[in-house]
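This is what each chain is made of:
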Amino acid sequence: MTPAAAAAAMRMRLAAPLLRQRASLLPTAVLAYRSARAIHSSPPEQAKVVPVYGTGPPPEPPKPAAGFAPSSNDSDPPTRNGGAIPETQEGTAADPWSRISRRKRQAAMLRAATLPPTAGSSSASGGIGLKRRFWKTVTVVTREDMNEIHLDSRALRRPDTKNIIRLPLTKPSLASALAIEWDQLVSAQQATKQHLIPLTSLVCRALDIADEDALGKTEIRDSIAKVLLRYLDTDSLLCWAPVPTHPEDGRNDAGYTLRELQEEAYSSVVSFLTTRVWPGVTIVPVLDETSIMPRQQEPGTREVVHGWMLGLSAWELAALERVALAGKSLLMAARLVVEWSGDGGNAVVQTPEEEAQNKKRWGIEEAARAVSLEVDWQTTQWGEVEDTHDVEKVDLRRQLGSAVLLCVGQGATDVSVNKAKL
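Cut-off values and rules
- Residues numbered from 1 in each chain as written.
- Predicted model: local features only at pLDDT ≥ 70, side-chain atom pairs only at ≥ 80, totals over all residues.
- Heavy atoms only, no water.
- Pairing = 2+ DSSP bridges.
- Helix = DSSP H or I, 4+ residues; strand = E, 2+ residues; numbered from the N terminus.
- Axes fitted to C-alpha atoms, helices over the stretch in contact; angles between N-to-C directions.
- Parallel < 35°, antiparallel > 145°, perpendicular 65-115°, else oblique.
- Contact = heavy atoms within 4.5 Å.
- Nonpolar A, V, L, I, M, F, W, Y, C, P; charged D, E, K, R; others polar.
- Core = buried A, V, L, I, M, F, W, Y, C linked by side-chain atoms within 4.5 Å.
- Buried < 20%, exposed > 50% of the residue type's maximum accessible area, 1.4 Å probe, protein only.
- Phe/Tyr/Trp six-rings, centres within 6.5 Å; stacked < 30°, edge-to-face > 60°.
- Salt bridge = Lys/Arg side-chain N within 4 Å of Asp/Glu carboxyl O.
- Expected span 1.5 Å × (residues − 1).

*Asks:* An account of the pairing of strand S1 (residues 138-143) is needed here, citing residue identities and associated values.
*Replies:* Taken together, the six bridges between S1 and strand S2 (residues 146-151) define a ladder with antiparallel strand orientation. Its bridge partner lying in S2, valine 141 is registered against glutamate 148. Between the antiparallel neighbours S1 and S2 lie two residues, among them glutamate 144 with a positive phi of about 55°.

Have a look at this one:
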């Protein structure tokens, strides 16, 4: 035997015990593998066919709506298939004559809805009549020393009491704005939608308060004061953002933080109110970074503010309600009303020196920025959402402007008082 064969035989004799040990373990491993099953595997099942429950003939094919169906009055084309035009089914979208006739009917309906009504054209049920504007011109007419809004020869009336809307002569801007609002309507149906006549709704609110005052009632005044007092504990100007942890964090291009801007707006408004409107009253922030629930104002503050609201005129109270609900801030609403009220806003009368010093009024833009600091800060950081932030910004200024129109000019409704104030 050669040395190589002897070495191979030696290696086989040495490896034989190990091979016998592995062979004894092989059946156990195979059985364990065969008994195991992967988690994701599952036994196959046959598909369950759902029986058909419907009986009867198949449904009819869809038919065109009445506005798209061919009209019997439409004249047929002289030639429908002269070889160049393929044959199409009448009344379908592919029929060009059907489309032309449908557009003619739509144009006729549009003209009927926009043209002024003729004699006997408006229906008693108000169907097509509401789609038409029954007036041509809108004018401001002075009668019995009061301004009225006339639609042609008809005076504008309040929807609930049917009384004529009569405005003081000291408020010509309000009368002009109300006339413009009705002149922009294109149909009588739009006059039934409150969001299209917001200034009319605001004027009627003020007149309702004035009528109730004349009867010696205070239900509307009490309800308004009760609602607005809730904003004193959650006012937009009294809820501040936390102080940044790092001095360089959260600053705008001018180097101010949101907390600093809120403190500046708070001090500007509150110093004016505690000096001219509520002397001796202390207004403190209600929410900061150390609390999650707003705290109450000091004792006596709510009573002073409540008494001030009950002493406002009907025009001022209606304007205060509109501004406070729009900006979620009673403090901002109080300053804006006092700044622009012709009746004084039930505030302390300024001396000539103070009037010269405070010649620049706090207007709509300043009020809107004061209650929108957080929103403006976020949109500056992350951008505006189209058709959301931009619309809300304009709508807030629109509501503040309507309240200013309501306050400007002395608002006495008595004729003799109006004559004396002119």
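*Asks:* Would you mind going over the packing of helix H8 (residues 314-327) against helix H13 (residues 389-407) in detail, with residue names and values included?
*Replies:* One way to put it is that H8 packs onto H13 with a least axis distance of 8 Å and a crossing angle of 170°. Our classification of the angle between H8 and H13 gives roughly antiparallel. Judged by residue contacts, Trp315, Glu316, Ala318, Ala319, Arg322, Val323, Ala326 and Gly327 of H8 engage Leu396, Gln399, Leu400, Ser402, Ala403, Leu406 and Cys407 from H13. Class assignment of the residues belonging to the contact of H8 with H13 gives a composition of ten nonpolar, three polar and two charged.

*Asks:* So what's going on with the nonpolar core? Residues and values would help.
*Replies:* In this structure, Trp278, Trp308, Met309, Leu320, Leu331 and Leu406 are the most contacted members of the largest nonpolar core, which totals 79 residues. With residues near it in sequence (within four places) discarded, leucine 331 still touches Leu232, Asp235, Leu237, Leu238, Val269, Val270, Leu273, Trp278 and Ile283.

*Asks:* With reference to specific residues and values, describe the packing of aromatic side chains.
*Replies:* Enumeration according to the criterion identifies four aromatic pairs in this entry. Ring centres of phenylalanine 134 and tryptophan 135 lie 4.7 Å apart, and the angle between their planes is 80°; this geometry places the pair in the edge-to-face category. Tryptophan 135 sits in the buried class, given a relative accessible area of 2%. Between tryptophan 278 and tryptophan 308 the ring centres are 5.6 Å apart and the planes differ by 85°, which places this aromatic pair in the edge-to-face class. Taken together, the positions of tryptophan 278 in the loop between helix H6 (258-277) and helix H7 (301-310) and tryptophan 308 in helix H7 put the pair 30 residues apart, joining distant regions of the chain.

*Asks:* Requested: an account of the pattern of salt bridges, with residues and values cited.
*Replies:* Taken as a whole and judged by the stated rule, the model has 15 salt bridges. The closest approach of N and O atoms between arginine 133 and aspartate 183, which form a salt bridge, is 3.0 Å. Within this pair, whereas arginine 133 is found in the loop between helix H2 (96-114) and S1, its partner aspartate 183 is found in helix H3 (residues 172-183), the two being separated by 50 residues in sequence. Counted as one network, the salt bridges with shared partners bring together Glu144, Glu148 and Arg166.

*Asks:* I'd love a proper account of the environment of alanine 265, names of residues and values included.
*Replies:* You can see alanine 265 is positioned in helix H6. Judged by relative accessible area, which is 14%, alanine 265 ranks as buried. When the C-alpha atoms of alanine 265 and alanine 367 are compared, they prove to be 9.4 Å apart, with 102 residues separating the residues in sequence. Ignoring sequence-local partners within four residues, the contact set of alanine 265 consists of Leu237, Ala370 and Leu373.

*Asks:* Mind laying out the side chain of serine 341, listing which residues take part and the relevant values?
*Replies:* Structurally, serine 341 is set in the loop between helix H9 (330-340) and helix H10 (352-357). Among the residues examined, serine 341 registers a relative accessible area of 12% and is labelled buried. Not counting chain neighbours up to four residues away, the residues in contact with serine 341 comprise Glu316 and Cys407.

*Asks:* Kindly report on unusual backbone geometry, identifying the contributing residues and their values.
*Replies:* Even without being glycine, glutamate 144 reaches a positive phi, approximately 55°. Following the sequence through the fold, glutamate 144 ends up in the loop between S1 and S2. Positive phi outside glycine occurs at lysine 328, with the angle close to 55°. Take lysine 328: it is sitting in the loop between H8 and H9. Overall, the relative accessible area of 42% leaves lysine 328 in the partly exposed class.

*Asks:* Any chance you could break down the pairing of S2 for me, citing the residues and the numbers?
*Replies:* For S2, a buried count of six out of six residues is recorded, marking the element as mostly surrounded by other parts of the structure. Residues Met146, Glu148 and His150 point to one face of S2 and Asn147, Ile149 and Leu151 to the other, with burial holding for every one of them. Summarising the sheet, S2 and strand S4 (residues 166-168) pair through three bridges and their orientation is antiparallel. Bridging across to S4, asparagine 147 finds its partner in leucine 167. One ladder, built from two bridges, connects S2 with strand S3 (residues 154-155); its direction is antiparallel. By the bridge assignment for S3, leucine 151 is matched with arginine 154.

*Asks:* So, helix H4 (residues 198-214): which residues are in play, and what are the values?
*Replies:* In this model, H4 (17 residues) spans 25 Å end to end at C-alpha, consistent with the 24 Å of a helix rising 1.5 Å per residue. Burial analysis of H4 places twelve of its 17 residues in the buried class, the great majority of the element. What H4 keeps buried is the set Pro198, Leu199, Thr200, Leu202, Val203, Cys204, Ala206, Leu207, Asp208, Ile209, Ala210 and Glu212. Turning to H4, the residues buried within the fold contact S4, H3, helix H5 (219-230), H8 and H13.

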